[in-house]
Amino acid sequence: QGLLARVVLLPRLTRCCCIDSCLKASMTSSSSVSSENAAKKKKKHSKEKKAKKVKKKEKKAEKRAKEAEKIAEYTEAWQYDRAESVKLIRQLLTLDSGIADELKPVFELVDKGDVVKIDGLENKQAKKKMRHLLQALRLAPAEGQGFRSASKN
């Protein structure tokens, strides 16, 4: 009955004198076909994954470019008292040489249009100079003792 089932499944092998060997050959070829299909699927999946990565990178780069463009737009339209600003920055740096590292995040906030708060400063002289600097930069007063870029809504 097992031989009959093989013949029914594979009618082209009925004329063959060695059904068992032909059956094994056909099964190995079908397993190699299935492994080829698996390899193709894996290759296709990896291509799709790579395409998604590329798309994600492009999207990130586009987002960074938009943000840089926005910052450039704010900077271009921004009118401020340059001489007074330079003078106050120099005074702040002479007041404390370590303040340079603290000014960088402040200017990044200004570039982004976020609120810069000075009420946390303990040194009254530094606080006064910082307030005057932010006013010279033409930042609009915000809630409390904070300042915000006028071009940010």
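Figured I'd write up the structure that's included with this text. (Residues numbered from 1 in each chain as written. Predicted model: local features only at pLDDT ≥ 70, side-chain atom pairs only at ≥ 80, totals over all residues. Heavy atoms only, no water.)

## Side note on the overall build of the chain
And then number 1: If you tally the helices and strands in the chain, you get 5 helices and 3 strands.
And then number 2: Ordered by position from N to C terminus, the α and β elements of the chain give α-α-α-α-β-α-β-β.
And then number 3: Sequence-distant contacts in the chain: of pairs separated by 6 or more residues, those separated by 24 or more amount to 59%.
And then number 4: Counting every atom, the chain has about 12300 Å² of accessible surface; 54% of that belongs to carbon and sulfur. (Helix = DSSP H or I, 4+ residues; strand = E, 2+ residues; numbered from the N terminus. Contact = heavy atoms within 4.5 Å. Areas by Shrake-Rupley, 256 points an atom, 1.4 Å probe, with all protein chains shown as cover.)

## Some thoughts on a positive patch on the surface
And then number 1: A cluster of basic residues, Lys43, Lys47, Lys49, Lys50, Lys53 and Lys57, forms a positive patch on the protein surface.
And then number 2: Along the chain, Lys49 turns up in helix α2 (residues 19-76). (Patch = residues over 30% accessible without salt bridge, like charges linked within 9 Å, V, L, I, M, F, W, Y side chains within 5 Å. Salt bridge = Lys/Arg side-chain N within 4 Å of Asp/Glu carboxyl O. Lys, Arg positive; Asp, Glu negative; His and termini not counted. Charge placed at Lys NZ, Arg CZ, Asp CG, Glu CD.)

## Looking at the sheet that holds strand β1 (residues 116-117)
And then number 1: In spatial order, the strands read β1-β3-β2; together these 3 strands make up an open sheet with antiparallel pairing. The open sheet is flanked by β1 and β2 (140-142), the only strands paired with a single partner.
And then number 2: Examined bridge by bridge, β1 and strand β3 (residues 146-148) share 2 bridges and lie antiparallel to one another. By the bridge assignment, Val116 is partnered in β3 with Phe147. (Pairing = 2+ DSSP bridges.)

## Regarding helix α3 (residues 82-95)
Each full turn of the α-helix corresponds to 3.6 residues, which orients residues three or four apart in the same direction.
And then number 1: Here α3 spans 20 Å end to end across 14 residues, near enough to the 20 Å set by a 1.5 Å rise per residue.
And then number 2: Along α3, the residues that are buried comprise Ser85, Leu88 and Leu92. Down the axis of α3, the buried side of the element spans an arc of 70°, and every buried residue falls inside it. Set apart from the buried face of α3 by more than 90 degrees, the exposed residues are Arg82, Ala83, Arg90 and Thr94.
And then number 3: Each element contacted by the buried residues of α3 is listed here: α4 (99-112) and α5 (124-136). (Expected span 1.5 Å × (residues − 1). Buried < 20%, exposed > 50% of the residue type's maximum accessible area, 1.4 Å probe, protein only. Arc of directions from axis to C-beta.)

## Some points on the nonpolar core
And then number 1: Grouped together as the largest cluster of nonpolar side chains are 16 residues, with contacts concentrated most on Leu92, Met130, Leu133, Leu134 and Leu139.
And then number 2: Elements that contribute at least two residues to this core include exactly α3, α4 and α5.
And then number 3: For this core, the element with the highest residue contribution is α5, accounting for 5 residues.
And then number 4: Leave out the neighbours within four places in its chain, and Leu134 touches Val110, Val116, Ile118, Leu139 and Phe147. (Core = buried A, V, L, I, M, F, W, Y, C linked by side-chain atoms within 4.5 Å.)

## What to know about the side chain of Ser85
And then number 1: Its place among the elements puts Ser85 in helix α3.
And then number 2: A distance of 2.8 Å separates the side chain of Ser85 from the backbone oxygen of Asp81, its partner in a polar contact.
And then number 3: Among residues more than four places away in sequence, those in contact with Ser85 are Tyr80, Leu133, Ala136 and Leu137. (Polar contact = N/O pair within 3.5 Å; in protein donor to acceptor, adjacent residues only side chain to side chain.)

## Side note on the packing of α3 against α4
And then number 1: Relative orientation of the contacting elements α3 and α4 amounts to 140°, with a least axis distance of 9 Å. Here α4 runs oblique to α3, going by the angle between their axes. Where α3 abuts α4, its residues Ile89, Leu92 and Leu93 lie against Ile99, Ala100, Leu103 and Phe107.
And then number 2: In terms of residue class, the contact of α3 with α4 is built from 7 nonpolar, no polar and no charged. (Axes fitted to C-alpha atoms, helices over the stretch in contact; angles between N-to-C directions. Parallel < 35°, antiparallel > 145°, perpendicular 65-115°, else oblique. Nonpolar A, V, L, I, M, F, W, Y, C, P; charged D, E, K, R; others polar.)

## So, α4
And then number 1: The end-to-end C-alpha distance of α4 is 20 Å, a good match for the 20 Å that 14 residues give at a rise of 1.5 Å each.
And then number 2: The complete set of buried residues in α4 reads Ile99, Leu103, Val106 and Val110. The arc that holds every buried residue of α4, seen down its axis, measures 60°, which confines them to one face. Set apart from the buried face of α4 by more than 90 degrees, the exposed residues are Asp101 and Lys104.
And then number 3: For α4, the elements touching its buried residues are α3, β1 and α5.
And then number 4: Immediately downstream of α4, the backbone of Gly113 shows phi near 90°, a positive value.

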